[in-house]
Amino acid sequence: MEKIGIILRAKEAKQKTQENNATEKVEIAVISSYNQMGELQYGNLEDKYSLENNINAIEGLLNPITKEIENFPVIIVVDGYSINIEKDGRVYLSNNIDKKEEDTRQKEKESLALLEHFETKYENENVDINYISTECKKIGNGSLYLNGIAIKNTNRSEFKFLNDFTIDYWIKESAENLDKVWAPQIVSATTNGIWIGLHSGQFVVRGYGKENYLVLNPPTMDEWVHVAVTRKSGIIYVFYNGVIQGTVNNSVDFQSGDLFIGSDGGVEYTINSYIDELRILNGECKYISNFETSTEEYDKTSGIVYHFNYDEVKEDNAELSMTDKKFGNASKFFNNTYLKYNKKNEFGFSNDFTIDYWIKESAENRKKKNAGHIVVTTKNGIWIGLYSEKFVVRSYGEENYLELDPPPIDEWVHIAITRKNGIIYVFYNGILQGTVNNTFNFQAGELTVGSDGQELHITNSYIDELRILNGYANWTKNFIVSTKAYDY
(Lines give C-alpha, C1' and ligand atoms only; values in the text may rest on other atoms or scores of the structure.)
Protein backbone atom coordinates (compact mmCIF):
# COMPACT_ATOMS: atom_id res chain seq x y z
CA MET A 1 0.00 0.00 0.00
CA GLU A 2 2.82 2.40 0.84
CA LYS A 3 4.45 1.73 -2.53
CA ILE A 4 1.19 2.52 -4.33
CA GLY A 5 0.89 5.76 -2.36
CA ILE A 6 4.40 6.79 -3.36
CA ILE A 7 3.66 6.05 -7.01
CA LEU A 8 0.46 8.14 -6.89
CA ARG A 9 2.26 11.07 -5.31
CA ALA A 10 5.01 10.81 -7.92
CA LYS A 11 2.41 10.90 -10.70
CA GLU A 12 0.72 13.93 -9.10
CA ALA A 13 4.05 15.73 -8.85
CA LYS A 14 4.85 14.96 -12.48
CA GLN A 15 1.42 16.17 -13.59
CA LYS A 16 1.85 19.37 -11.59
CA THR A 17 5.21 19.99 -13.26
CA GLN A 18 3.68 19.44 -16.69
CA GLU A 19 0.82 21.86 -15.89
CA ASN A 20 3.29 24.50 -14.71
CA ASN A 21 5.47 24.06 -17.82
CA ALA A 22 2.47 24.45 -20.14
CA THR A 23 1.25 27.54 -18.28
CA GLU A 24 4.73 29.10 -18.28
CA LYS A 25 5.04 28.72 -22.06
CA VAL A 26 1.84 30.73 -22.50
CA GLU A 27 2.89 33.36 -19.95
CA ILE A 28 6.14 33.92 -21.86
CA ALA A 29 4.20 34.35 -25.12
CA VAL A 30 1.78 36.83 -23.59
CA ILE A 31 4.46 38.89 -21.86
CA SER A 32 6.46 39.01 -25.10
CA SER A 33 3.39 40.38 -26.86
CA TYR A 34 2.98 43.13 -24.31
CA ASN A 35 6.65 44.04 -24.51
CA GLN A 36 6.55 44.42 -28.28
CA MET A 37 3.54 46.71 -28.00
CA GLY A 38 5.01 48.78 -25.17
CA GLU A 39 1.68 48.37 -23.39
CA LEU A 40 2.73 46.29 -20.40
CA GLN A 41 1.78 48.71 -17.65
CA TYR A 42 -1.62 49.39 -19.14
CA GLY A 43 -2.66 45.83 -19.88
CA ASN A 44 -4.10 46.40 -23.39
CA LEU A 45 -3.85 43.77 -26.11
CA GLU A 46 -4.67 45.97 -29.07
CA ASP A 47 -1.94 44.67 -31.40
CA LYS A 48 -3.64 41.32 -31.80
CA TYR A 49 -1.29 40.08 -34.51
CA SER A 50 1.64 40.17 -32.12
CA LEU A 51 -0.26 38.07 -29.59
CA GLU A 52 -1.51 35.66 -32.27
CA ASN A 53 1.96 35.11 -33.69
CA ASN A 54 3.49 34.50 -30.28
CA ILE A 55 0.75 32.07 -29.29
CA ASN A 56 1.11 30.13 -32.53
CA ALA A 57 4.84 29.80 -31.87
CA ILE A 58 4.30 28.02 -28.54
CA GLU A 59 5.82 24.54 -28.49
CA GLY A 60 3.15 21.92 -27.87
CA LEU A 61 0.23 24.09 -29.04
CA LEU A 62 -2.63 21.86 -30.21
CA ASN A 63 -5.09 24.49 -31.50
CA PRO A 64 -3.27 27.29 -33.40
CA ILE A 65 -5.15 30.56 -33.84
CA THR A 66 -6.37 30.84 -37.44
CA LYS A 67 -8.58 33.93 -37.20
CA GLU A 68 -8.35 37.32 -35.55
CA ILE A 69 -8.76 37.37 -31.77
CA GLU A 70 -11.99 39.16 -30.91
CA ASN A 71 -13.14 37.88 -27.55
CA PHE A 72 -11.51 37.05 -24.24
CA PRO A 73 -10.65 34.81 -22.59
CA VAL A 74 -8.71 33.16 -25.40
CA ILE A 75 -8.69 29.42 -24.79
CA ILE A 76 -5.81 27.37 -26.17
CA VAL A 77 -4.53 23.84 -25.60
CA VAL A 78 -0.85 23.33 -24.86
CA ASP A 79 0.60 19.86 -24.24
CA GLY A 80 -2.95 18.67 -23.66
CA TYR A 81 -3.81 21.33 -21.03
CA SER A 82 -6.59 23.87 -21.63
CA ILE A 83 -5.31 27.35 -20.75
CA ASN A 84 -7.13 30.69 -20.61
CA ILE A 85 -5.67 34.10 -21.53
CA GLU A 86 -7.54 37.14 -20.21
CA LYS A 87 -7.47 40.58 -21.81
CA ASP A 88 -5.47 41.97 -18.89
CA GLY A 89 -2.79 39.32 -19.53
CA ARG A 90 -3.65 36.80 -16.82
CA VAL A 91 -2.87 33.19 -17.74
CA TYR A 92 -4.35 30.21 -15.94
CA LEU A 93 -5.45 26.60 -16.37
CA SER A 94 -9.09 26.63 -17.45
CA ASN A 95 -10.18 24.32 -14.65
CA ASN A 96 -7.99 25.87 -11.97
CA ILE A 97 -8.65 29.62 -11.87
CA ASP A 98 -10.86 29.75 -8.80
CA LYS A 99 -8.55 27.77 -6.53
CA LYS A 100 -5.36 29.40 -7.80
CA GLU A 101 -6.64 32.95 -7.46
CA GLU A 102 -8.28 32.28 -4.12
CA ASP A 103 -5.09 30.68 -2.73
CA THR A 104 -3.03 33.68 -3.85
CA ARG A 105 -5.54 36.15 -2.49
CA GLN A 106 -5.67 34.35 0.86
CA LYS A 107 -1.87 34.37 1.15
CA GLU A 108 -1.83 38.08 0.33
CA LYS A 109 -4.50 38.86 2.92
CA GLU A 110 -2.76 36.83 5.61
CA SER A 111 0.55 38.62 5.01
CA LEU A 112 -0.85 42.12 4.49
CA ALA A 113 1.05 44.63 6.63
CA LEU A 114 -0.09 47.82 4.88
CA LEU A 115 -2.37 48.83 2.03
CA GLU A 116 -2.76 52.52 1.18
CA HIS A 117 -5.03 53.58 -1.65
CA PHE A 118 -4.40 57.27 -0.78
CA GLU A 119 -8.05 58.10 -1.41
CA THR A 120 -9.71 61.22 -0.06
CA LYS A 121 -12.32 59.22 1.86
CA TYR A 122 -10.04 58.31 4.77
CA GLU A 123 -7.28 60.86 4.52
CA ASN A 124 -8.74 63.80 6.48
CA GLU A 125 -8.96 62.15 9.85
CA ASN A 126 -6.22 64.37 11.30
CA VAL A 127 -5.77 62.15 14.33
CA ASP A 128 -2.83 63.33 16.40
CA ILE A 129 -0.87 60.54 18.03
CA ASN A 130 -0.80 62.56 21.25
CA TYR A 131 -4.54 62.00 21.64
CA ILE A 132 -4.48 58.23 21.21
CA SER A 133 -4.75 56.36 24.50
CA THR A 134 -3.29 52.87 24.70
CA GLU A 135 -4.20 52.58 28.39
CA CYS A 136 -7.95 53.02 28.10
CA LYS A 137 -9.55 51.42 25.03
CA LYS A 138 -12.44 49.14 24.12
CA ILE A 139 -11.33 47.42 20.92
CA GLY A 140 -7.88 47.06 19.41
CA ASN A 141 -4.91 48.76 21.01
CA GLY A 142 -6.07 52.35 21.31
CA SER A 143 -8.92 54.81 21.68
CA LEU A 144 -9.30 58.56 21.11
CA TYR A 145 -8.96 60.67 24.24
CA LEU A 146 -11.43 63.57 24.16
CA ASN A 147 -10.38 66.46 26.34
CA GLY A 148 -11.01 69.78 24.66
CA ILE A 149 -9.87 68.58 21.22
CA ALA A 150 -11.62 68.31 17.86
CA ILE A 151 -10.97 65.60 15.30
CA LYS A 152 -12.20 66.80 11.93
CA ASN A 153 -13.15 65.09 8.66
CA THR A 154 -13.85 67.45 5.75
CA ASN A 155 -15.48 64.94 3.38
CA ARG A 156 -18.78 66.77 3.64
CA SER A 157 -20.76 64.74 1.14
CA GLU A 158 -20.43 61.69 3.39
CA PHE A 159 -22.31 63.41 6.19
CA LYS A 160 -25.47 64.57 4.45
CA PHE A 161 -28.14 62.20 5.79
CA LEU A 162 -31.28 62.30 3.68
CA ASN A 163 -32.55 58.79 4.29
CA ASP A 164 -31.45 55.81 6.38
CA PHE A 165 -28.19 55.89 8.34
CA THR A 166 -26.21 54.31 11.18
CA ILE A 167 -23.83 56.10 13.54
CA ASP A 168 -22.43 53.89 16.28
CA TYR A 169 -19.45 54.02 18.60
CA TRP A 170 -18.12 53.07 22.01
CA ILE A 171 -17.74 55.86 24.55
CA LYS A 172 -16.46 56.12 28.10
CA GLU A 173 -17.67 59.51 29.19
CA SER A 174 -16.71 61.42 32.29
CA ALA A 175 -19.58 62.44 34.59
CA GLU A 176 -18.28 66.01 34.58
CA ASN A 177 -19.79 66.39 31.09
CA LEU A 178 -23.27 66.16 32.67
CA ASP A 179 -22.66 69.60 34.17
CA LYS A 180 -21.86 71.20 30.81
CA VAL A 181 -24.52 72.87 28.67
CA TRP A 182 -22.97 71.27 25.58
CA ALA A 183 -20.80 68.14 25.40
CA PRO A 184 -20.87 67.18 21.70
CA GLN A 185 -19.82 63.70 20.59
CA ILE A 186 -20.52 63.45 16.84
CA VAL A 187 -21.42 66.64 14.97
CA SER A 188 -21.78 67.71 11.34
CA ALA A 189 -21.01 71.38 11.79
CA THR A 190 -23.42 73.16 9.50
CA THR A 191 -26.93 74.52 9.99
CA ASN A 192 -29.18 71.50 10.57
CA GLY A 193 -26.29 69.07 10.32
CA ILE A 194 -26.69 66.11 12.66
CA TRP A 195 -25.67 66.79 16.29
CA ILE A 196 -25.26 63.91 18.78
CA GLY A 197 -24.11 64.27 22.38
CA LEU A 198 -25.03 65.66 25.79
CA HIS A 199 -27.05 68.85 26.23
CA SER A 200 -27.72 70.06 29.79
CA GLY A 201 -27.27 66.57 31.19
CA GLN A 202 -29.45 64.80 28.61
CA PHE A 203 -28.49 62.73 25.57
CA VAL A 204 -29.89 64.39 22.45
CA VAL A 205 -30.14 63.95 18.72
CA ARG A 206 -30.72 67.34 17.15
CA GLY A 207 -30.11 69.58 14.17
CA TYR A 208 -27.04 71.81 14.46
CA GLY A 209 -28.32 75.25 15.42
CA LYS A 210 -31.87 73.95 15.35
CA GLU A 211 -34.12 71.93 17.68
CA ASN A 212 -33.76 68.73 19.67
CA TYR A 213 -35.47 65.85 17.87
CA LEU A 214 -34.97 63.23 20.58
CA VAL A 215 -34.10 63.77 24.28
CA LEU A 216 -33.13 60.80 26.50
CA ASN A 217 -31.50 60.01 29.81
CA PRO A 218 -27.74 59.87 29.27
CA PRO A 219 -25.83 56.58 29.06
CA THR A 220 -23.94 55.33 32.11
CA MET A 221 -20.97 57.54 32.92
CA ASP A 222 -17.35 56.46 33.49
CA GLU A 223 -17.69 53.06 31.83
CA TRP A 224 -17.63 51.85 28.25
CA VAL A 225 -21.06 52.05 26.58
CA HIS A 226 -21.97 51.24 22.98
CA VAL A 227 -24.12 54.03 21.52
CA ALA A 228 -26.01 53.54 18.25
CA VAL A 229 -28.13 56.14 16.49
CA THR A 230 -29.98 54.88 13.43
CA ARG A 231 -32.76 55.95 11.09
CA LYS A 232 -35.00 53.64 9.08
CA SER A 233 -37.94 54.75 6.94
CA GLY A 234 -38.34 58.06 8.76
CA ILE A 235 -37.88 56.81 12.35
CA ILE A 236 -34.78 57.55 14.47
CA TYR A 237 -33.73 54.89 17.00
CA VAL A 238 -31.21 55.22 19.84
CA PHE A 239 -29.60 52.23 21.59
CA TYR A 240 -27.26 51.87 24.57
CA ASN A 241 -25.40 48.55 24.65
CA GLY A 242 -27.86 47.14 22.12
CA VAL A 243 -30.98 48.05 24.12
CA ILE A 244 -33.40 50.53 22.58
CA GLN A 245 -33.79 53.76 24.57
CA GLY A 246 -36.24 55.70 22.44
CA THR A 247 -37.54 56.52 18.97
CA VAL A 248 -38.95 59.53 17.16
CA ASN A 249 -40.53 60.09 13.77
CA ASN A 250 -37.99 62.06 11.79
CA SER A 251 -37.42 62.54 8.07
CA VAL A 252 -35.33 65.74 8.31
CA ASP A 253 -32.65 66.22 5.67
CA PHE A 254 -29.55 66.50 7.84
CA GLN A 255 -27.23 68.80 5.92
CA SER A 256 -23.61 68.14 4.95
CA GLY A 257 -20.83 69.78 6.91
CA ASP A 258 -17.39 69.02 8.32
CA LEU A 259 -17.62 66.12 10.75
CA PHE A 260 -16.26 66.80 14.24
CA ILE A 261 -15.59 64.18 16.91
CA GLY A 262 -15.69 65.51 20.47
CA SER A 263 -16.55 69.04 19.41
CA ASP A 264 -19.17 71.10 17.61
CA GLY A 265 -16.57 72.92 15.54
CA GLY A 266 -16.77 75.96 17.78
CA VAL A 267 -15.91 76.39 21.45
CA GLU A 268 -17.82 73.44 22.91
CA TYR A 269 -16.01 70.19 23.69
CA THR A 270 -16.39 66.89 25.51
CA ILE A 271 -13.80 66.56 28.28
CA ASN A 272 -11.87 63.76 29.96
CA SER A 273 -13.59 61.02 27.95
CA TYR A 274 -12.70 58.25 25.47
CA ILE A 275 -14.29 57.15 22.20
CA ASP A 276 -13.51 54.04 20.17
CA GLU A 277 -14.58 52.18 17.01
CA LEU A 278 -16.70 54.90 15.43
CA ARG A 279 -18.63 53.82 12.34
CA ILE A 280 -20.83 55.89 10.02
CA LEU A 281 -23.02 54.29 7.35
CA ASN A 282 -24.89 56.68 5.08
CA GLY A 283 -27.86 55.00 3.44
CA GLU A 284 -27.90 51.88 5.61
CA CYS A 285 -29.69 51.27 8.91
CA LYS A 286 -28.15 48.46 10.96
CA TYR A 287 -30.51 48.32 13.94
CA ILE A 288 -34.23 48.87 14.61
CA SER A 289 -34.60 46.40 17.49
CA ASN A 290 -32.46 45.19 20.37
CA PHE A 291 -29.20 43.54 19.30
CA GLU A 292 -26.02 42.03 20.70
CA THR A 293 -23.09 44.43 20.48
CA SER A 294 -19.90 43.29 18.81
CA THR A 295 -16.43 43.50 20.33
CA GLU A 296 -14.75 43.01 16.94
CA GLU A 297 -13.35 45.75 14.73
CA TYR A 298 -15.57 46.80 11.85
CA ASP A 299 -14.38 46.28 8.29
CA LYS A 300 -13.44 49.63 6.73
CA THR A 301 -15.08 48.65 3.46
CA SER A 302 -18.48 48.87 5.18
CA GLY A 303 -18.40 52.66 5.53
CA ILE A 304 -16.37 55.32 7.29
CA VAL A 305 -14.67 53.65 10.23
CA TYR A 306 -12.27 55.02 12.82
CA HIS A 307 -10.55 52.28 14.83
CA PHE A 308 -8.35 54.80 16.72
CA ASN A 309 -5.61 52.18 17.01
CA TYR A 310 -2.18 53.41 17.96
CA ASP A 311 -0.49 51.54 15.13
CA GLU A 312 -2.74 53.17 12.52
CA VAL A 313 -1.96 56.74 13.51
CA LYS A 314 0.42 58.49 11.19
CA GLU A 315 2.34 61.73 10.90
CA ASP A 316 1.34 63.20 7.58
CA ASN A 317 2.34 66.49 6.02
CA ALA A 318 2.09 65.28 2.41
CA GLU A 319 -0.81 66.57 0.37
CA LEU A 320 -3.39 64.56 -1.55
CA SER A 321 -3.42 65.12 -5.30
CA MET A 322 -6.77 64.74 -7.03
CA THR A 323 -5.35 65.79 -10.41
CA ASP A 324 -2.47 63.35 -10.84
CA LYS A 325 -3.11 59.81 -9.63
CA LYS A 326 -2.90 56.22 -10.86
CA PHE A 327 -6.05 54.74 -9.31
CA GLY A 328 -9.15 56.02 -7.58
CA ASN A 329 -9.60 59.70 -6.90
CA ALA A 330 -6.25 60.68 -5.38
CA SER A 331 -2.57 59.96 -4.86
CA LYS A 332 -0.06 61.31 -2.36
CA PHE A 333 2.06 64.26 -3.49
CA PHE A 334 5.50 64.40 -1.86
CA ASN A 335 7.45 67.65 -2.04
CA ASN A 336 9.93 67.72 0.85
CA THR A 337 7.12 66.10 2.85
CA TYR A 338 6.55 62.64 4.24
CA LEU A 339 4.07 60.14 5.62
CA LYS A 340 4.98 58.11 8.72
CA TYR A 341 3.32 55.01 10.16
CA ASN A 342 3.80 54.12 13.78
CA LYS A 343 3.32 50.43 13.18
CA LYS A 344 6.57 48.66 13.90
CA ASN A 345 6.23 44.88 14.14
CA GLU A 346 4.75 44.59 10.63
CA PHE A 347 7.79 46.20 9.02
CA GLY A 348 10.54 43.84 10.14
CA PHE A 349 11.32 41.45 7.28
CA SER A 350 13.11 38.25 8.23
CA ASN A 351 11.81 36.01 5.43
CA ASP A 352 9.76 36.47 2.24
CA PHE A 353 8.04 39.78 1.50
CA THR A 354 6.45 41.97 -1.18
CA ILE A 355 6.58 45.78 -1.34
CA ASP A 356 4.95 47.32 -4.38
CA TYR A 357 3.70 50.76 -5.32
CA TRP A 358 3.14 53.16 -8.21
CA ILE A 359 5.37 56.23 -8.42
CA LYS A 360 5.63 59.23 -10.72
CA GLU A 361 8.98 60.67 -9.79
CA SER A 362 10.51 64.00 -10.74
CA ALA A 363 13.90 64.04 -12.45
CA GLU A 364 15.25 66.37 -9.77
CA ASN A 365 15.43 63.45 -7.35
CA ARG A 366 18.20 61.84 -9.40
CA LYS A 367 20.46 64.73 -8.46
CA LYS A 368 20.10 64.00 -4.76
CA LYS A 369 22.35 61.70 -2.80
CA ASN A 370 19.31 60.25 -1.00
CA ALA A 371 15.68 60.19 -2.13
CA GLY A 372 13.94 57.54 -0.06
CA HIS A 373 10.70 56.05 -1.35
CA ILE A 374 9.91 53.45 1.32
CA VAL A 375 12.11 53.41 4.43
CA VAL A 376 11.92 51.71 7.82
CA THR A 377 13.73 54.27 9.94
CA THR A 378 15.74 52.11 12.29
CA LYS A 379 19.24 50.73 11.99
CA ASN A 380 19.17 47.86 9.48
CA GLY A 381 15.55 48.58 8.53
CA ILE A 382 14.79 48.21 4.83
CA TRP A 383 15.60 51.25 2.65
CA ILE A 384 14.17 51.55 -0.89
CA GLY A 385 14.65 54.52 -3.21
CA LEU A 386 17.21 56.54 -5.16
CA TYR A 387 20.77 56.75 -3.85
CA SER A 388 23.45 58.58 -5.85
CA GLU A 389 21.43 58.28 -9.07
CA LYS A 390 20.80 54.54 -8.63
CA PHE A 391 17.72 52.68 -7.48
CA VAL A 392 18.81 50.71 -4.44
CA VAL A 393 17.59 48.21 -1.92
CA ARG A 394 19.68 48.60 1.20
CA SER A 395 19.61 48.48 4.97
CA TYR A 396 19.11 51.76 6.80
CA GLY A 397 22.50 53.15 7.83
CA GLU A 398 24.39 50.22 6.34
CA GLU A 399 25.19 48.82 2.88
CA ASN A 400 23.51 48.61 -0.52
CA TYR A 401 22.42 45.08 -1.40
CA LEU A 402 21.18 45.81 -4.92
CA GLU A 403 21.95 48.76 -7.22
CA LEU A 404 20.03 49.27 -10.48
CA ASP A 405 19.43 51.90 -13.11
CA PRO A 406 16.53 54.07 -11.87
CA PRO A 407 13.01 53.69 -13.24
CA PRO A 408 11.68 56.12 -15.87
CA ILE A 409 10.97 59.62 -14.60
CA ASP A 410 7.93 61.88 -14.92
CA GLU A 411 5.60 58.99 -15.73
CA TRP A 412 3.73 56.44 -13.65
CA VAL A 413 5.82 53.33 -13.00
CA HIS A 414 4.92 50.25 -10.97
CA ILE A 415 7.80 49.18 -8.71
CA ALA A 416 7.84 45.82 -6.94
CA ILE A 417 10.48 44.51 -4.55
CA THR A 418 10.06 40.92 -3.43
CA ARG A 419 12.10 38.31 -1.59
CA LYS A 420 11.60 34.58 -2.01
CA ASN A 421 13.80 31.89 -0.45
CA GLY A 422 16.70 34.27 0.13
CA ILE A 423 16.64 36.06 -3.25
CA ILE A 424 15.54 39.69 -3.68
CA TYR A 425 13.85 40.61 -6.98
CA VAL A 426 13.13 44.12 -8.34
CA PHE A 427 10.61 44.78 -11.11
CA TYR A 428 9.64 47.91 -13.04
CA ASN A 429 6.23 47.61 -14.71
CA GLY A 430 6.36 43.85 -14.23
CA ILE A 431 9.77 43.41 -15.90
CA LEU A 432 12.58 41.95 -13.81
CA GLN A 433 15.45 44.43 -13.41
CA GLY A 434 17.80 42.47 -11.16
CA THR A 435 18.21 40.00 -8.33
CA VAL A 436 20.58 39.43 -5.44
CA ASN A 437 21.05 36.65 -2.91
CA ASN A 438 19.94 38.11 0.40
CA THR A 439 18.81 36.57 3.69
CA PHE A 440 19.35 39.70 5.77
CA ASN A 441 17.05 40.19 8.74
CA PHE A 442 15.65 43.68 8.08
CA GLN A 443 14.78 45.16 11.46
CA ALA A 444 11.34 46.44 12.50
CA GLY A 445 10.66 50.13 13.00
CA GLU A 446 8.50 53.06 11.91
CA LEU A 447 7.73 53.16 8.20
CA THR A 448 8.29 56.44 6.36
CA VAL A 449 7.07 57.13 2.83
CA GLY A 450 8.74 59.84 0.78
CA SER A 451 11.67 60.32 3.15
CA ASP A 452 14.44 58.50 5.00
CA GLY A 453 13.41 60.15 8.27
CA GLN A 454 16.36 62.55 8.28
CA GLU A 455 15.02 65.49 6.27
CA LEU A 456 16.10 63.80 3.02
CA HIS A 457 12.83 63.80 1.11
CA ILE A 458 11.72 63.18 -2.45
CA THR A 459 10.43 66.27 -4.24
CA ASN A 460 7.64 66.96 -6.73
CA SER A 461 6.67 63.29 -6.92
CA TYR A 462 3.54 61.17 -6.53
CA ILE A 463 2.99 57.75 -4.96
CA ASP A 464 -0.17 55.65 -5.22
CA GLU A 465 -1.43 52.18 -4.25
CA LEU A 466 1.27 51.19 -1.78
CA ARG A 467 1.06 47.60 -0.56
CA ILE A 468 3.30 45.63 1.83
CA LEU A 469 3.03 41.87 2.36
CA ASN A 470 5.17 40.43 5.13
CA GLY A 471 5.80 36.70 4.76
CA TYR A 472 4.73 36.29 1.13
CA ALA A 473 6.49 36.97 -2.19
CA ASN A 474 4.04 37.74 -4.97
CA TRP A 475 6.43 37.63 -7.93
CA THR A 476 9.72 35.99 -8.88
CA LYS A 477 9.42 36.36 -12.66
CA ASN A 478 7.94 38.82 -15.15
CA PHE A 479 4.25 39.53 -14.66
CA ILE A 480 1.40 41.60 -16.03
CA VAL A 481 0.77 44.57 -13.73
CA SER A 482 -2.82 44.93 -12.54
CA THR A 483 -4.80 47.80 -14.01
CA LYS A 484 -7.02 47.97 -10.92
CA ALA A 485 -6.57 48.94 -7.29
CA TYR A 486 -6.24 46.10 -4.80
CA ASP A 487 -9.65 45.30 -3.32
CA TYR A 488 -8.95 43.83 0.11
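Worth saying up front: this structure is predicted, and the values here are computed from it rather than measured.

(A) Quick look at a negative patch on the surface. On the surface, a cluster of negative charge is contributed by E176, D179, D222 and E223. Turning to its location among the elements, E223 is positioned in the loop between β12 (212-216) and β13 (224-232).

(B) Structural context of the packing of aromatic side chains. On inspection of all chains with the given rule, the structure shows 23 aromatic pairs. Relative to Y462, the ring of F333 lies with its centre 4.9 Å away and its plane at 40°, an arrangement referred to as tilted. With F333 in strand β21 (residues 331-334) and Y462 in strand β32 (residues 461-470), the pair connects residues that are 129 residues apart, well separated along the chain. Looking at Y462, the relative accessible area reads 17%, which means it is buried. Ring geometry for Y401 against F442: centres 5.9 Å apart, planes inclined by 80°, an arrangement best described as edge-to-face. Taken together, the residues Y401 in strand β27 (residues 400-404) and F442 in the loop between β30 (431-437) and β31 (447-449) connect sequence positions 41 residues apart. With respect to burial, Y401 and F442 carry one shared label: buried. Within the aromatic cluster, the residues linked to one another by ring pairs are F349, F353, Y401, F440 and F442. Between R394 and the ring centre of Y387, over which it is positioned, the NZ or CZ distance is 4.7 Å. One Lys or Arg, R467, reaches over the ring of Y486 and ends 3.8 Å from the middle of that ring.

(C) Expanded view of empty space enclosed by the protein. The full count for this structure, using the stated rule, is 1 cavity of 30 Å³ or more. For the largest cavity, the calculated volume is near 30 Å³. In this structure, the largest cavity is lined by F327, W358, H414, E465, V481, S482, K484 and Y486. Tallied by class, residues from the lining of the largest cavity come to 4 nonpolar, 2 polar and 2 charged.

(D) Quick look at the sheet that holds strand β19 (residues 314-316). In spatial order, the strands read β19-β22-β31-β24-β25-β26-β27; together these 7 strands make up an open sheet with antiparallel pairing. Whereas interior strands pair on both sides, the edge strands pair on one side only; in this sheet they are β19 and β27. For this sheet the average axis-to-axis angle between neighbouring strands, irrespective of direction, equals 20°. Sheet analysis places strand β24 (residues 370-376) next to strand β25 (residues 382-387), joined by 5 bridges and oriented antiparallel. The residue of β25 that forms the bridge with N370 is Y387.

(E) Main features of the environment of V74. By the element assignment, V74 lies in strand β1 (residues 74-78). Assessed through its relative accessible area of 8%, V74 is described here as buried. V74 sits 12 residues away from E86 along the chain, and the two C-alpha atoms are 6.6 Å apart. In this structure, V74 is in contact with I65, I69, I83, N84 and I85, ignoring residues within four places of it in sequence.

(F) View of the environment of A330. Tracing the backbone shows A330 in the loop between β20 (319-321) and β21. For A330, a relative accessible area of 0% translates into the label buried. Taking the C-alpha atoms as reference, A330 lies 7.9 Å from D464; in sequence the two are 134 residues apart.

(G) Local environment of the pairing of β13. Burial within β13 is extensive, with 8 of its 9 residues counted as buried. Bridge analysis of strand β8 (residues 165-172) against β13 gives 8 bridges, and the strand direction is antiparallel. Bridge pairing links T166 to T230 in β13. In this structure, the hairpin formed by β13 and strand β14 (residues 235-240) is closed by a connection of 2 residues, where S233 is found at a positive phi of approximately 50°.

(H) Up close: the pattern of salt bridges. Inspection of the entire model under this criterion finds 11 salt bridges. With a shortest N-O distance of 3.2 Å, K477 and E27 are connected by a salt bridge. Of this pair, K477 sits in the segment after β32 while E27 sits in helix α1 (residues 2-37), and the two are 450 residues apart along the sequence. In this structure, the salt-bridge partner of K286 is E284, at a minimum N-O distance of 3.4 Å.

(I) Region of interest: the side chain of T230. Locating T230 in the fold gives a position in strand β13. Judged by its relative accessible area of 0%, T230 falls in the buried class. Contacts of T230, omitting those with residues within four sequence positions, involve F165, T166, I235, I236, Y237, F239, C285 and Y287.

Reading the values: rules and limits
- Residues numbered from 1 in each chain as written.
- Predicted model: local features only at pLDDT ≥ 70, side-chain atom pairs only at ≥ 80, totals over all residues.
- Heavy atoms only, no water.
- Patch = residues over 30% accessible without salt bridge, like charges linked within 9 Å, V, L, I, M, F, W, Y side chains within 5 Å.
- Areas by Shrake-Rupley, 256 points an atom, 1.4 Å probe, with all protein chains shown as cover.
- Salt bridge = Lys/Arg side-chain N within 4 Å of Asp/Glu carboxyl O.
- Lys, Arg positive; Asp, Glu negative; His and termini not counted.
- Charge placed at Lys NZ, Arg CZ, Asp CG, Glu CD.
- Helix = DSSP H or I, 4+ residues; strand = E, 2+ residues; numbered from the N terminus.
- Phe/Tyr/Trp six-rings, centres within 6.5 Å; stacked < 30°, edge-to-face > 60°.
- Buried < 20%, exposed > 50% of the residue type's maximum accessible area, 1.4 Å probe, protein only.
- Lys NZ or Arg CZ within 6 Å of the ring centre and 35° of its normal.
- 1 Å grid on protein atoms, 1.4 Å probe; cavity = no way out; pocket = protein on both sides within 12 Å on 5 of 7 lines; lining within 4 Å.
- Points joined across faces, edges and corners; volume = space filled by probe spheres on them.
- Nonpolar A, V, L, I, M, F, W, Y, C, P; charged D, E, K, R; others polar.
- Pairing = 2+ DSSP bridges.
- Axes fitted to C-alpha atoms, helices over the stretch in contact; angles between N-to-C directions.
- Contact = heavy atoms within 4.5 Å.

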